[in-house]
Amino acid sequence: MNILIIGRGGREHAIAWKAAQSPLVSKLFIAPGNEGMRHLGQVPVELVNINENASDDLVAFALEHHIDLTIVGPEAALINGIANRFAEAGLAIFAPTREAARIEGSKQFAKDLMQKYQIPTASFRTFSQYEEAKQYLQETGAPIVIKYDGIAAGKGVVVAMTMEEADQALQDMLLDHNFGEGKVLMEAYLEGPEFSLLTLVNGRQVVPLVIAQDHKRAYDGDKGPNTGGMGAYSPVPVIPQAQIDWAIEHIMQATANAMVEEGCPFTGILYGGLMLTAQGPKVIEFNARFGDPETEVVLPKMKSDLVQHIVDLLDHKPVTPAFYEEAFLGVVMATKGYPGKYGKGFPIRHLDLVKQTVFHMGTTLKDGEYVTNGGRVLFVVGKGHTLAEAQKDAYEGVNMIECPELFYRNDIGWQAIKKA
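Residues numbered from 1 in each chain as written. Predicted model: local features only at pLDDT ≥ 70, side-chain atom pairs only at ≥ 80, totals over all residues. Heavy atoms only, no water.

Peer 1: Report on the overall build of the chain, specifying residues and quantitative values.
Peer 2: Helix and strand content of the chain: 13 helices and 23 strands. Relative to the globule expectation of 22 Å for 420 residues, the C-alpha radius of gyration of the chain, 21 Å, shows essentially globular dimensions. Taken over the C-alpha atoms alone, the chain extends approximately 60 × 50 × 40 Å along its principal axes. For the chain, buried positions account for 57% of its 420 residues. Contacts in the chain between residues at least 24 apart in sequence constitute 67% of all its contacts with a sequence separation of at least 6. For the chain, the accessible surface area stands at approximately 17,200 Å², while carbon and sulfur atoms represent 48% of it. Side chains of the chain give 37 positive and 51 negative charges; the mean places of these two sets differ by 2 Å. (Helix = DSSP H or I, 4+ residues; strand = E, 2+ residues; numbered from the N terminus. Rg over C-alpha atoms; globule rule 2.2 N^0.38 Å. Buried < 20%, exposed > 50% of the residue type's maximum accessible area, 1.4 Å probe, protein only. Contact = heavy atoms within 4.5 Å. Areas by Shrake-Rupley, 256 points an atom, 1.4 Å probe, with all protein chains shown as cover. Lys, Arg positive; Asp, Glu negative; His and termini not counted. Charge placed at Lys NZ, Arg CZ, Asp CG, Glu CD.)

Peer 1: Any details on the sheet that holds strand β9 (residues 184-188)? Residues and values, ideally.
Peer 2: What the four strands build is an open sheet, ordered β6-β9-β7-β8; its pairing is antiparallel. Of all the strands in the sheet, just β6 (124-127) and β8 (157-160) have a single pairing partner and so form its edges. Averaged over all pairs of adjacent strands, the angle between their axes in this sheet comes to 20°, without regard to strand direction. In terms of strand pairing, β6 meets β9 through four bridges, oriented antiparallel. Within β9, the position partnered with Phe-127 by the bridge is Val-184. Packed onto the sheet, helix α7 (residues 130-140) meets β6, β7 (144-148) and β9 and runs at close to 155° relative to β6. Sitting on the sheet, helix α8 (residues 163-175) touches β6, β7, β8 and β9, and the angle it makes with β7 is about 10°. (Pairing = 2+ DSSP bridges. Axes fitted to C-alpha atoms, helices over the stretch in contact; angles between N-to-C directions.)

Peer 1: Which residues make up the packing of aromatic side chains, and what values go with them?
Peer 2: Each aromatic ring pair is summarised here by two numbers: the centre-to-centre distance and the angle between the ring planes. Applying the stated criterion across every chain, the model contains seven aromatic pairs. Ring geometry for Trp-17 against Phe-359: centres 5.5 Å apart, planes inclined by 80°, an arrangement best described as edge-to-face. Taken together, the residues span a long stretch of sequence, with Trp-17 in helix α1 (residues 10-19) and Phe-359 in strand β19 (residues 357-360) at a distance of 342 residues. Among the residues examined, Trp-17 registers a relative accessible area of 23% and is labelled partly exposed. Centre to centre, the rings of Tyr-148 and Phe-179 are 5.5 Å apart; their planes meet at 40°, and the pair counts as tilted. Here the residue Tyr-148 occupies a position in strand β7, and Phe-179 occupies one in the loop between α8 and β9, the gap between them amounting to 31 residues. By relative accessible area, which is 30% here, Phe-179 ends up partly exposed. (Phe/Tyr/Trp six-rings, centres within 6.5 Å; stacked < 30°, edge-to-face > 60°.)

Peer 1: So what about empty space enclosed by the protein? Which residues, and what values?
Peer 2: Inspection of the entire model under this criterion finds one cavity of 30 Å³ or more. As a volume, the largest cavity reaches approximately 50 Å³. Forming the boundary of the largest cavity are Ile-71, Val-72, Leu-78, Phe-94, Ala-95, Pro-96, Gly-268, Ile-269, Ala-288, Arg-289 and Phe-290. Looking at the lining of the largest cavity, the elements with two or more residues in it are β4 (69-72) and β16 (267-277). For the lining of the largest cavity, the per-class residue count stands at nine nonpolar, one polar and one charged. (1 Å grid on protein atoms, 1.4 Å probe; cavity = no way out; pocket = protein on both sides within 12 Å on 5 of 7 lines; lining within 4 Å. Points joined across faces, edges and corners; volume = space filled by probe spheres on them. Nonpolar A, V, L, I, M, F, W, Y, C, P; charged D, E, K, R; others polar.)

Peer 1: With reference to specific residues and values, describe helix α9 (residues 241-261).
Peer 2: If you check α9, its first and last C-alpha atoms are 29 Å apart, about what 21 residues at 1.5 Å a residue would give, namely 30 Å. At Ile-248, α9 shows its largest bend, some 35°. Looking at the buried residues of α9, the elements they touch are α5 (102-105), α6 (107-116), β10 (194-202), β11 (205-208), β16 and β17 (280-287). Taken from the residues just after α9, Gly-263 is the one with a positive phi, measuring 80°. (Expected span 1.5 Å × (residues − 1). Bend = angle between axes of the 7 residues up to and from the residue.)

Peer 1: Describe α6, listing the residues and the values that go with them.
Peer 2: Within α6, seven of the 10 residues are buried, which leaves the element mostly enclosed by the surrounding structure. Phi turns positive, to about 55°, at Gln-118, one or two residues after α6.

Peer 1: Explain the side chain of Gln-391 to me, and be specific about the residues and the numbers.
Peer 2: Mapped onto the secondary structure, Gln-391 falls in helix α12 (residues 387-400). Judged by its relative accessible area of 18%, Gln-391 falls in the buried class. Contacts of Gln-391, omitting those with residues within four sequence positions, involve Leu-329, Asp-411, Ile-412, Gly-413, Trp-414 and Ile-417.

Peer 1: I'd love a proper account of the nonpolar core, names of residues and values included.
Peer 2: Nonpolar side chains tend to gather and get buried jointly when the protein is soluble and globular. Ranked by size, the top nonpolar core spans 74 residues in total, and within it Leu-4, Ile-82, Phe-86 and Ile-103 carry the most contacts. For this core, the element with the most residues is α9, which contributes nine residues. Each residue touching Leu-4, except ones within four places of it in the same chain, is listed here: Phe-29, Ile-30, Ala-31, Phe-61, Ala-62, Ile-67, Leu-69, Thr-70, Ile-71 and Phe-86. If you look at the next biggest cluster of nonpolar residues, it comprises 47 residues, including Ile-30, Leu-69, Met-230 and Ile-310. (Core = buried A, V, L, I, M, F, W, Y, C linked by side-chain atoms within 4.5 Å.)

Put into structure tokens, the structure is as follows:
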């Protein structure tokens, strides 16, 4: 099979890395990809210089190169309707339609759906005017969760512990329009451990993968601003299997069924960002694609063939993934200044000495040397019989890499390891 993967970051690198292990795959095309993805074992890889949002160009490329299956990484392409365009052209694609991708693109849509079908989530109100939102804040107080209703690359959520933080978030979103002209959702603050549950979905068929947990805050001890994620690990020992099973049935399966009932059936990766509260699992958010950086630990943990699973799922055949017993833990190396302003083009040395799996999130080649080309730059994956061993393995890889302009958290997985 000729496989096209759309995207350019660490998530897409992990998808391509996993797809390259499938005996079904004869060639991988990645649009636009990054230079770190060029060598994926025995399977030929071609980077395609087409932007991930250029749907018409991607369709034309897929037709010309006889692409048998396309897998989409980034949310913007999904929300813009790339799956619709591919389907119209008769091309197989593992991705939700524009209508189904609203579950991520519109937090209002997702909340209304959960409310209608009694899928557990936090209570909420929606506002488009700053003064009204501020009045509601005065009534409810902090802590409170404030979310931008639209695409914000994983950064449009503020967990405000104080009134000052909450008011600043409202100003950023409704007065300064830092993410665009959208509305905001103000949600009740939930407490408990978070976990990410990724599922392969086609209509009412829901296939759960192993859960993972990521670290959103930029600095050690869960301090600093929210980011797209600074590390992740799987398994998550603090979440009992019984609660995972409950979430699969009452949240993920219920949501897939609800989407069918609403006339916008979901195909692709339905990601549940969940929290285990005192009342049981509740939804924090849904994504319509592979999570990043959770994908970079979930796919290494997958023992079975991802491409075979997707092909079977699209044919409505039974799918039962298998996973390794080992723990996997990954650490993001980011450019200083991230998630705010940061520079690019800083040399990265000794990558060739790292024995651990490394996914490239934001790099490029300059004069034959890898340099930084983004906020999150590298994702180093360790593995071991326990999370503590996986953590040690990951940081051994991190410490081999030399780039003074990169920073990382030193405590990925620390809470889980402390409680083990």
